[in-house]
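Architecture at a glance
Given next are the chains, with one letter for each unit.
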Amino acid sequence: MFLSVVFFVLAMIFGAFAFGGWFRIISIAIPASYILLAVLRFATAAPAAGTAQLLVGAQERTMAYSFLLWVMALAVHLLLLLQKVE
């Protein structure tokens, strides 16, 4: 999962540089939320060791689903660009 998250973030960074507007904002906000979730997970992991592992699974699912939302936003953005060309 670690390598897939690295490639997810790289794809979003390249998408942010390639396109502008609302898509750039989404491409920057999603990796920023990854960082925020990681900080929150590490901040809450110290008091209860058992719950930290439960939060890791929730964080991984959140990252995977948010990447799928980013892919959907990319498809919409590319379709809108295609309509402008025609």
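My aim in this report is to walk through the structure given alongside it, one point at a time. All values derive from a computational prediction rather than experimental measurement.

About the criteria used
Residues numbered from 1 in each chain as written. Predicted model: local features only at pLDDT ≥ 70, side-chain atom pairs only at ≥ 80, totals over all residues. Heavy atoms only, no water. Helix = DSSP H or I, 4+ residues; strand = E, 2+ residues; numbered from the N terminus. Buried < 20%, exposed > 50% of the residue type's maximum accessible area, 1.4 Å probe, protein only. Contact = heavy atoms within 4.5 Å. Areas by Shrake-Rupley, 256 points an atom, 1.4 Å probe, with all protein chains shown as cover. 1 Å grid on protein atoms, 1.4 Å probe; cavity = no way out; pocket = protein on both sides within 12 Å on 5 of 7 lines; lining within 4 Å. Points joined across faces, edges and corners; volume = space filled by probe spheres on them. Nonpolar A, V, L, I, M, F, W, Y, C, P; charged D, E, K, R; others polar.

**Digging into the overall build of the protein chain**
A count of helices and strands for the protein chain gives 3 helices and 0 strands. Starting at the N terminus and ending at the C terminus, the protein chain contains elements arranged as α-α-α. Of all 86 residues assigned to the protein chain, the portion counted as buried reaches 24%. Of the contacts formed within the protein chain by residues at least 6 apart in sequence, a portion of 66% connects residues at least 24 apart. A total accessible area of about 6000 Å² is found for the protein chain, and carbon and sulfur atoms account for 79% of it.

**What to know about the layout of surface pockets**
Here the largest pocket defines a volume of roughly 180 Å³. What lines the largest pocket is Met1, Phe2, Val5, Val6, Ala38, Arg41, Val56, Gln59, Glu60 and Met63. Considering each element in turn, the lining of the largest pocket owes the most residues, 4 residues, to helix H3 (residues 49-85). Across the lining of the largest pocket, the residue classes tally to 7 nonpolar, 1 polar and 2 charged.

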